[in-house]
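Topology and contacts: notes
Residues per chain, in single letters:
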Amino acid sequence: MGCCILYSLYMTSIAANLQAVRARVATACNAAGREVESVQLLAVSKTWPAESVREAVVAGQRAFGENYVQEAVDKAAELAKHGLGPDLEWHFIGPLQSNKTRLVAENFAWVHSVDRLKIAQRLAAQRPTGFTPLQVCIQVNVSGENSKSGCATDQVSALAHSVAALPGLRLRGLMAIPEPSEDRDLQRRRFAMLRNVCEHLNDEGLTLDTLSMGMSHDLEAAIMEGATIVRVGTAIFGARA
Ligand SMILES: *Cc1c(COP(=O)(O)O)cnc(C)c1O
């Protein structure tokens, strides 16, 4: 008995956390009157070793988000050695410098953090022929002066139309990282802004289906405002060092 309790404590912390996050997502979907299947959970595994990813995979998780290109490539290679290659889907969600675009184009299924045309052009040129198109979101600054990252809202339309025209990429939608806040109404206003920008782009003729928004502390507000991908790290893997 004691042994079983110990065993389950040891074995399942990531599995249990995943279960709890899935329950949060389901509860938020219910509250928003949305289908649970309309929200994809992206497990943000940055700074955590391949072994942590493997634990999450065993618990049924398939899509992982990473911020540091080389760390992610090394981790994916290690998992592939253990037979966990083709089934996993890697999303790049961190700031992207020009000199890292090739590794991203060659190793990821998605990029959430495109914020300027030059980066998108490089990704398009460097996506290997024969690969499925790289799935792309444009990162938008919804926090104004409170944030430095992301495309300014008044420049998103021009960038989105340019990105949508590039070969090798498929523009799927928008991503935002609002400034951290405990104020649920403020969280919702920021996420609503991203949804509004997305609706505006679709009115202009684009066909975006993805809103990448919501993290460990604000995924409920994001789901209320239409998130289709929530990016959750801490609540699954624990606090990062
Ligand atoms: C680290 C990170 C996350 C996960 O944040 P948590 O608060 O740990 O859930 C989500 N999105 C991006 C872009 C990140 O860098």
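Residues numbered from 1 in each chain as written. Predicted model: local features only at pLDDT ≥ 70, side-chain atom pairs only at ≥ 80, totals over all residues. Heavy atoms only, no water.

Side note on the overall build of the protein chain
- Regarding its fold elements, the protein chain presents ten helices and nine strands.
- Relative to a compact globule of 241 residues, whose C-alpha radius of gyration would be 18 Å, the protein chain shows 18 Å and is just as compact.
- Reported as C-alpha extents along the three principal axes, the dimensions of the protein chain are approximately 60 × 40 × 30 Å.
- Looking at the 241 residues of the protein chain, the share that counts as buried comes to 49%. (Helix = DSSP H or I, 4+ residues; strand = E, 2+ residues; numbered from the N terminus. Rg over C-alpha atoms; globule rule 2.2 N^0.38 Å. Buried < 20%, exposed > 50% of the residue type's maximum accessible area, 1.4 Å probe, protein only.)

Focus on the layout of surface pockets
- Roughly 430 Å³ of internal volume is contained in the largest pocket.
- For the largest pocket, the lining is made up of 25 residues, of which Lys46, Asn67, Ile93, Gly94 and Ile177 are closest to its centre.
- A class-by-class count of the residues in the lining of the largest pocket yields nine nonpolar, eleven polar and five charged.
- Here the second largest pocket is characterised by a volume of approximately 270 Å³.
- Every residue lining the second largest pocket is counted, 17 residues in all, and those nearest its centre are Gly85, Leu88, Trp90, Asn107 and Ala109.
- No other element matches the three residues that helix α4 (residues 69-81) contributes to the lining of the second largest pocket.
- Considering only residue class, the lining of the second largest pocket consists of ten nonpolar, three polar and four charged. (1 Å grid on protein atoms, 1.4 Å probe; cavity = no way out; pocket = protein on both sides within 12 Å on 5 of 7 lines; lining within 4 Å. Points joined across faces, edges and corners; volume = space filled by probe spheres on them. Nonpolar A, V, L, I, M, F, W, Y, C, P; charged D, E, K, R; others polar.)

Topic: the site of the ligand
- Residues in contact with the ligand, as listed here, are Val44, Lys46, Asn67, Ile93, Ile177, Met215, Ser216, Arg231, Val232, Gly233, Thr234 and Arg240.
- Measuring from an oxygen atom of the ligand, one finds a side-chain N or O atom of Lys46 at 2.7 Å.
- In the model, a nitrogen atom of the ligand is placed 2.9 Å from a nitrogen or oxygen of the Arg231 side chain.
- Isolated, the ligand exposes 390 Å² of accessible area, and the fraction of that covered by the protein chains is 90%. (Near = heavy atom within 4 Å. Polar contact = N/O pair within 3.5 Å; in protein donor to acceptor, adjacent residues only side chain to side chain. Areas by Shrake-Rupley, 256 points an atom, 1.4 Å probe, with all protein chains shown as cover.)

Quick notes on the packing of aromatic side chains
- In total, this model carries three aromatic pairs according to the counting rule given.
- For the ring pair Trp48 and Phe237, a centre distance of 6.4 Å and an interplane angle of 25° mean the geometry is stacked. You can see Trp48 sitting in the loop between β1 (40-44) and α3 (50-58) and its partner Phe237 sitting in helix α10 (residues 234-237), a full 189 residues away along the chain.
- Here Phe92 and Phe108 contribute two aromatic rings whose centre-to-centre distance is 5.4 Å and whose plane-to-plane angle is 80°, an arrangement assigned as edge-to-face. One end of the pair, Phe92, is in strand β3 (residues 89-92); the other, Phe108, is in the loop between α5 (101-107) and β4 (110-114), with 16 residues separating them in the sequence. The burial state of Phe92 is the same as that of Phe108; both residues are buried. (Phe/Tyr/Trp six-rings, centres within 6.5 Å; stacked < 30°, edge-to-face > 60°.)

A short note on the side chain of Gln126
- Relative to the assigned elements, Gln126 resides in helix α6 (residues 117-126).
- When neighbours within four sequence positions are excluded, Gln126 is seen to be in contact with Thr101, Arg102, Ala105 and Glu106. (Contact = heavy atoms within 4.5 Å.)

Considering α3
- Considered for burial, the residues of α3 that qualify are Ala50, Ser52, Val53, Ala56 and Val57. One side of α3 carries all its buried residues, which in axial view fall inside an arc of 160°.
- Of the residues trailing α3, Gly60 is marked for its positive phi of about 100°. (Arc of directions from axis to C-beta.)

Topic: the environment of Lys100
- Within the fold, Lys100 resides in the loop between β3 and α5.
- In the structure, Lys100 is positioned 32 residues away from Tyr68 in sequence and 9.5 Å away in space, judged by C-alpha atoms.

Section: helix α7 (residues 156-164)
- For α7, the full list of buried residues reads Val156, Leu159, Ala160 and Val163. Down the axis of α7, the smallest arc covering the buried residues is 100°, so these residues share one side.
- Where α7 is buried, its residues contact α6, β5 (134-141), β6 (151-152), β7 (169-175) and α8 (184-203).

Side note on the nonpolar core
- Counting 66 residues, the largest nonpolar core has Leu123 and Leu174 as its most contacted members.
- Counting residues per element, this core draws most heavily on helix α2 (residues 13-32), which supplies six residues.
- Look past the residues within four positions of Leu174 in its chain and what remains in contact with it is Cys137, Ile138, Val140, Val156, Leu194, Val197, Cys198, Leu201, Thr210, Leu211 and Ser212. (Core = buried A, V, L, I, M, F, W, Y, C linked by side-chain atoms within 4.5 Å.)

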